[in-house]
Amino acid sequence: MNVEREVNFQNPTEEFEFAQPPTPPKPLELLRDTEALLRRPTVATLVPLLPPKLGKNLQAASSVAEDSLKELAEIELEKISDWELRTARIRVGLSFVGFGALMIVVLLLYLTTLHPQLSSVQQIGLYWYQYVWFVCLGVAGMFILGREAMRPTEKPQKFKKR
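(A) The arrangement of the packing of aromatic side chains in detail. Taken as a whole and judged by the stated rule, the model has 3 aromatic pairs. Ring centres 6.4 Å apart and planes at 65° place the aromatic pair Tyr 129 and Trp 133 in the edge-to-face group. Here Tyr 129 and its partner Trp 133 are both found in helix α5 (residues 128-150), 4 residues apart, which amounts to about one turn of the helix. On the basis of relative accessibility, which here comes to 54%, the residue Trp 133 falls in the exposed class. Clustering of aromatic rings is evident, with ring pairs tying together Trp 128, Tyr 129 and Trp 133.

(B) The nonpolar core, seen in detail. The biggest cluster of nonpolar side chains holds 5 residues, and these are Leu 107, Leu 111, Tyr 127, Tyr 131 and Phe 134. Sequence-distant contacts of Phe 134, defined by excluding residues within four places in its chain, comprise Gly 100, Met 103, Ile 104 and Leu 107.

(C) Structural context of the pattern of salt bridges. On inspection of all chains with the given rule, the structure shows 10 salt bridges. Between Glu 66 and Arg 39 there is a salt bridge, and its shortest N-O distance comes to 2.7 Å. Within this pair, whereas Glu 66 is found in helix α2 (residues 52-73), its partner Arg 39 is found in helix α1 (residues 27-46), the two being separated by 27 residues in sequence. With a closest N to O distance of 2.9 Å, Arg 151 and Glu 148 form a salt bridge. We note that Arg 151, like Glu 148, is buried. Salt bridges sharing partners connect three or more residues here, namely Asp 82, Arg 86, Arg 89, Glu 148 and Arg 151.

(D) Representation of α5 within the structure. Taking 1.5 Å as the rise per residue, α5 with 23 residues should run 33 Å; its terminal C-alpha atoms sit 32 Å apart, in good agreement. Listing the buried residues of α5 in full gives Tyr 131, Phe 134, Gly 138, Gly 141 and Glu 148. In the core, the buried residues of α5 are packed alongside α3 (86-114) and α4 (120-126).

Criteria and thresholds
- Residues numbered from 1 in each chain as written.
- Predicted model: local features only at pLDDT ≥ 70, side-chain atom pairs only at ≥ 80, totals over all residues.
- Heavy atoms only, no water.
- Phe/Tyr/Trp six-rings, centres within 6.5 Å; stacked < 30°, edge-to-face > 60°.
- Helix = DSSP H or I, 4+ residues; strand = E, 2+ residues; numbered from the N terminus.
- Buried < 20%, exposed > 50% of the residue type's maximum accessible area, 1.4 Å probe, protein only.
- Core = buried A, V, L, I, M, F, W, Y, C linked by side-chain atoms within 4.5 Å.
- Contact = heavy atoms within 4.5 Å.
- Salt bridge = Lys/Arg side-chain N within 4 Å of Asp/Glu carboxyl O.
- Expected span 1.5 Å × (residues − 1).

By themselves, these observations are geometric and do not establish any function.
Structure (structure tokens):
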């Protein structure tokens, strides 16, 4: 009984070509496609259930969303410079500071009108969690504004290649 195994390697160094992975979509394209996959069936389901005027308004809003997200997906995030984001960062910082201050004023108004029997120490003792949130929001906004204030104020010049 001969139990030898025959193995024939014709070309042991044969090269295989592997399929290249597809390039991943850009984040804004992924957002557009994901939103569309959720929005279209929802609109198609709701339009027959709604009154005709409201259904037309929903379809119009859906087409506006389609157009605006299509424009948004064309933006190349890599080409947005730090200088172009400066105004957005300043607005976010001001929004944080303003909203934190506004909410502290609303909280104080709430406490003085609905709980006039409490002293200031008792009010802070009962609502310390809200105070901390609103103060931290304002401080975060101040940090954002302070960081922007320390950045260079002149627009960077583009260097020409020689």
